[in-house]
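An overview of the molecular structure
Letter by letter, the chains look like this.
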Amino acid sequence: MRQLSVLCSLLLLSGCVVSSPQKSQYQAEYPNRQDIRSHSLYRFVTTPLKPGGDEYKGTDDLALLFYVSSKNAATVELRFNYPAKTLQATSLDAQNNALSQQTWALLDESAAKPTDSNSRHFWLTKDGVLRTQYKNCTPDMSVGCRWVDREMFITRSGDMAVQYAEGSAGMAFLVIPFYGSQKYLGIFPKAAGT
């Protein structure tokens, strides 16, 4: 009887946790987005218009998201080469001096994930949105999966929007179901003069 009581208590405590602090802002911006392929060169300020939720998730530091982080970074320059399917990200200081640079592969949205775990890549969708995806399913004392997705698009005013989504679902101890997800949105203004 005691085990049944503990099990029922755990079932009541488990379940679903969903958090999406900037949902209404995302719903206003995403349908009115611009195709990122309309330009090959963009520059954005590294800090968002307002905090997106967590700097380590790419919603509060654009340079960190593109792996060109530097304490002196003021803007991030994105140079797309669509025929070669590459994106070159460069962090710049306030005087437009290059600080750090990273090249990314642009994959078609239907392309398989590269087998090289160190590959720097984004999926570019048919409607001009950049995406990253990560999923890990590890069986141990529980059965479950964790996923992380990032979606980057150009807003109607020409700013860069980054939505970070993470979640997990499974069965703890093969008995207790759990599910949780969170979404954060950061909007990075286009740099002056671009």
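Reading guide: rules and limits
- Residues numbered from 1 in each chain as written.
- Predicted model: local features only at pLDDT ≥ 70, side-chain atom pairs only at ≥ 80, totals over all residues.
- Heavy atoms only, no water.
- Helix = DSSP H or I, 4+ residues; strand = E, 2+ residues; numbered from the N terminus.
- Buried < 20%, exposed > 50% of the residue type's maximum accessible area, 1.4 Å probe, protein only.
- Contact = heavy atoms within 4.5 Å.
- Areas by Shrake-Rupley, 256 points an atom, 1.4 Å probe, with all protein chains shown as cover.
- Pairing = 2+ DSSP bridges.
- Salt bridge = Lys/Arg side-chain N within 4 Å of Asp/Glu carboxyl O.
- Core = buried A, V, L, I, M, F, W, Y, C linked by side-chain atoms within 4.5 Å.

1. Quick look at the overall build of the protein
- A tally of regular secondary structure across the protein gives three helices and 10 strands.
- Counting from the amino terminus, the protein carries its helices and strands in the arrangement α-β-α-β-α-β-β-β-β-β-β-β-β.
- Buried residues in the protein amount to 39% of all 194 residues.
- Nonlocal contacts in the protein, meaning residues at least 24 apart in sequence, comprise 50% of its contacts between residues at least 6 apart.
- Summed over all atoms, the accessible surface of the protein reaches about 11,100 Å², with 53% contributed by carbon and sulfur.

2. Points about the pairing of strand β3 (residues 75-81)
- With five of its seven residues buried, β3 lies for the most part within the structure.
- The sheet contact formed by strand β2 (residues 41-45) and β3 spans five bridges and is antiparallel. Note that in β3 the partner of R43 across the bridge is E77.
- As defined by bridge partners, β3 adjoins strand β4 (residues 86-92) across seven bridges and the pair is classed as antiparallel. Residue T75 lies in a different strand from β4, and its bridge partner there is L92.

3. Observations concerning the pattern of salt bridges
- Scanning all chains against the criterion turns up eight salt bridges.
- Residue E151 pairs with R131 through a salt bridge whose shortest N-O separation is 2.5 Å. Of the two residues, E151 is situated in strand β8 (residues 143-154) and R131 in strand β7 (residues 130-137); the sequence distance between them amounts to 20 residues.
- Connected through salt bridges with shared partners, the residues R43, E77 and R79 form a single ionic network.

4. What to know about unusual backbone geometry
- In this structure, Y67 is a non-glycine residue whose phi angle is positive, near 60°.
- The residue Y67 is located in the loop between α3 (62-65) and β3 in this model.
- The exposure class assigned to Y67 is partly exposed, which follows from its relative accessible area of 45%.
- Phi is positive for N96, which is not a glycine, with a value near 65°.

5. What about the nonpolar core?
- With 24 residues, the main nonpolar core has L62, F66, L78, L87, L130 and M160 as its most contacted residues.
- Of all the elements in the fold, those that place two or more residues in this core are β2, α3, β3, β4, β5 (98-108), β6 (121-124), β8 and β9 (160-172).
- The contact partners of F66, leaving out residues within four places of it in the chain, are V76, L78, L87, A89, Q102, W104, F122 and M152.
- Counting seven residues, the second-largest nonpolar core is a separate cluster that includes F153, A161, L185 and I187.

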